[in-house]
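Architecture and fold: a report
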Amino acid sequence: MERPELSAAIDAAAEALVGVLDSAVHRHRLAVSPTQLRVLSLLRVRPETNVNGLAELLDVVPSSASRLCDRLEAIGLVRRTVDPRDRREVRLAPTAAAEVLLEEVRCRRHEAVRAVLERMPVRGQQELLGALVAFGQAATTAQSAATRST
């Protein structure tokens, strides 16, 4: 397959995957928006994040990130804590309820992907696994090189 065709196939597959993942979550009418869910996911993997850092990650102005956090805090999914090293800094963290929600979403998504994979032949599943591992390694290598050059 030529490179443009391969790129188009990957783009189409990514769109299909996003559709599967989104439908797995939206069918269950969560109490949070996709953006709020993304915030919770970011905070889970970046426990030292403050509002300014979150704004950078989301590519929004700090006031927008702060309002997002206000709403998440109001429904018990985010807590603000003072940084013990610098009391002027406020860190954001997902609550236990947010952790439960994120795990529920992860399980639903995995089940939705599993259902699609079951419709594929076993050989196709194995080839997909190999290709995804190779793609992930290439992407990680490219990201590492870009980080070192800046």
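Quantities reported herein were computed from a predicted structural model and do not represent experimental measurements.

Here Ile10 lies in helix 1 (residues 3-26). On the basis of relative accessible area, Ile10 is assigned to the partly exposed category, the value being 39%. Considering only alpha carbons, one finds Ile10 and Val122, 112 residues apart in sequence, at a separation of 20 Å.

Turning next to the side chain of Thr95. Here Thr95 lies in the loop between strand 2 (86-94) and helix 5 (96-117). With sequence-adjacent residues up to four places away left out, Thr95 is seen in contact with Gly76, Leu77, Val78 and Arg79.

Working note: regular strand, side chains alternate between the two faces of the sheet. Relative to strand 2, strand 1 (residues 78-83) is paired through 6 bridges, and the arrangement is antiparallel. The partner of Asp83 across the bridge, within strand 2, is Asp86.

Running from N to C, helix 2 (residues 34-45) and helix 4 (residues 62-74) point in directions that differ by 90°, and their axes come no closer than 11 Å. One element, helix 2, and the other, helix 4, form an angle in the roughly perpendicular class. The segment helix 2 lies against helix 4, with Thr35, Gln36, Val39 and Leu40 engaging Leu68, Arg71 and Leu72. Residues belonging to the contact of helix 2 with helix 4 are distributed by class as follows: 4 nonpolar, 2 polar and 1 charged.

The next point concerns the nonpolar core. With 22 residues, the main nonpolar core has Leu40 and Leu54 as its most contacted residues. Listing elements by their share of this core, those giving two or more residues are helix 2, helix 3 (51-58), helix 4 and helix 5. The element that contributes the greatest number of residues to this core is helix 2, accounting for 5 residues. Discounting chain neighbours no more than four positions away, the residues touching Leu40 are Leu72, Leu77, Val78, Ala98, Leu101 and Leu102.

What follows concerns unusual backbone geometry. Note: most peptide bonds trans; most residues except glycine with negative phi. Of note in this structure, Asp59 is not a glycine but carries a positive phi near 60°. Mapped onto the elements, Asp59 comes out in the loop between helix 3 and helix 4. Taking relative accessible area as the criterion, Asp59 reaches 70% and is therefore assigned exposed.

So, how was this worked out
- Residues numbered from 1 in each chain as written.
- Predicted model: local features only at pLDDT ≥ 70, side-chain atom pairs only at ≥ 80, totals over all residues.
- Heavy atoms only, no water.
- Helix = DSSP H or I, 4+ residues; strand = E, 2+ residues; numbered from the N terminus.
- Buried < 20%, exposed > 50% of the residue type's maximum accessible area, 1.4 Å probe, protein only.
- Contact = heavy atoms within 4.5 Å.
- Pairing = 2+ DSSP bridges.
- Axes fitted to C-alpha atoms, helices over the stretch in contact; angles between N-to-C directions.
- Parallel < 35°, antiparallel > 145°, perpendicular 65-115°, else oblique.
- Nonpolar A, V, L, I, M, F, W, Y, C, P; charged D, E, K, R; others polar.
- Core = buried A, V, L, I, M, F, W, Y, C linked by side-chain atoms within 4.5 Å.

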